[in-house]
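The residues making up each chain are set out below.
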Amino acid sequence: MQRIFLKSKLHRVTTTASEVDYEGSCEIDGILLDAAGIGTFEQIQIYNINNGNRFTTYAIRGKDNSGVISVNGAAAHKAKVGDLLIIASYASYNEDDIKNYTPTLCYVDADNVLTKVGNQITL
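The rules behind the values
Residues numbered from 1 in each chain as written. Predicted model: local features only at pLDDT ≥ 70, side-chain atom pairs only at ≥ 80, totals over all residues. Heavy atoms only, no water. UniProt positions renumbered as here; feature names shortened; annotations may be inferred. Phe/Tyr/Trp six-rings, centres within 6.5 Å; stacked < 30°, edge-to-face > 60°. Helix = DSSP H or I, 4+ residues; strand = E, 2+ residues; numbered from the N terminus. Buried < 20%, exposed > 50% of the residue type's maximum accessible area, 1.4 Å probe, protein only. Lys NZ or Arg CZ within 6 Å of the ring centre and 35° of its normal.

Identification of the protein chain as Aspartate 1-decarboxylase from Bathymodiolus thermophilus thioautotrophic gill symbiont is taken from an unreviewed UniProt entry. Listed under Function (unreviewed entry) in UniProt, the entry text for the protein chain is "Catalyzes the pyruvoyl-dependent decarboxylation of aspartate to produce beta-alanine." The UniProt entry for the protein chain carries the following comment under Subcellular location (unreviewed entry): "Cytoplasm".

Engineer: Tell me about the packing of aromatic side chains, residues and numbers included.
Structural biologist: This structure, assessed with the given rule, holds 4 aromatic pairs. Ring geometry for Phe-5 versus Tyr-101: centroids 4.9 Å apart, planes at 50°, classification tilted. Placement of Phe-5 in strand S1 (residues 2-14) and of Tyr-101 in the loop between helix H2 (95-99) and strand S8 (104-108) is noted, with a sequence separation of 96 residues between them. The interplanar angle of 65° and the centroid separation of 5.2 Å between the aromatic rings of Tyr-93 and Tyr-101 together place this pair among those described as edge-to-face. Residue Tyr-93 is classed as buried on the basis of its relative accessible area, which comes to 16%. With relative accessibility at 22%, the residue Tyr-101 sits in the partly exposed group. Among the aromatic residues, ring-to-ring pairing joins Phe-5, Tyr-93 and Tyr-101 into one connected group. For Lys-116, the ring lying beneath its charged end belongs to Tyr-107, and the centroid distance is 5.3 Å.

Following this line, the structure appears as structure tokens:
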């Protein structure tokens, strides 16, 4: 049996651009993508902390160390510059994988600079 678990998340990133007239996707600083193990064109879920919108799109790689989080295309209607987002990726795991499963949890500062990577939720 396959079960779907959180693979990784970027926690409380700040939206830096919202581009309606752009082919749909979410451009994410390459350093953040690498830290979270999210691939270019991988499906992602975005949860907008400011307005409660939740939507699906795919990741595209932004310039390393740019801090860019640009929500593009139709999804741009769901996030504006300055909104805080959680960007999550999920994967299917079999029962053997679950025994050693841990997610990758990435935390940033107000400028979307990576500050911590862990595998436990800290409250």
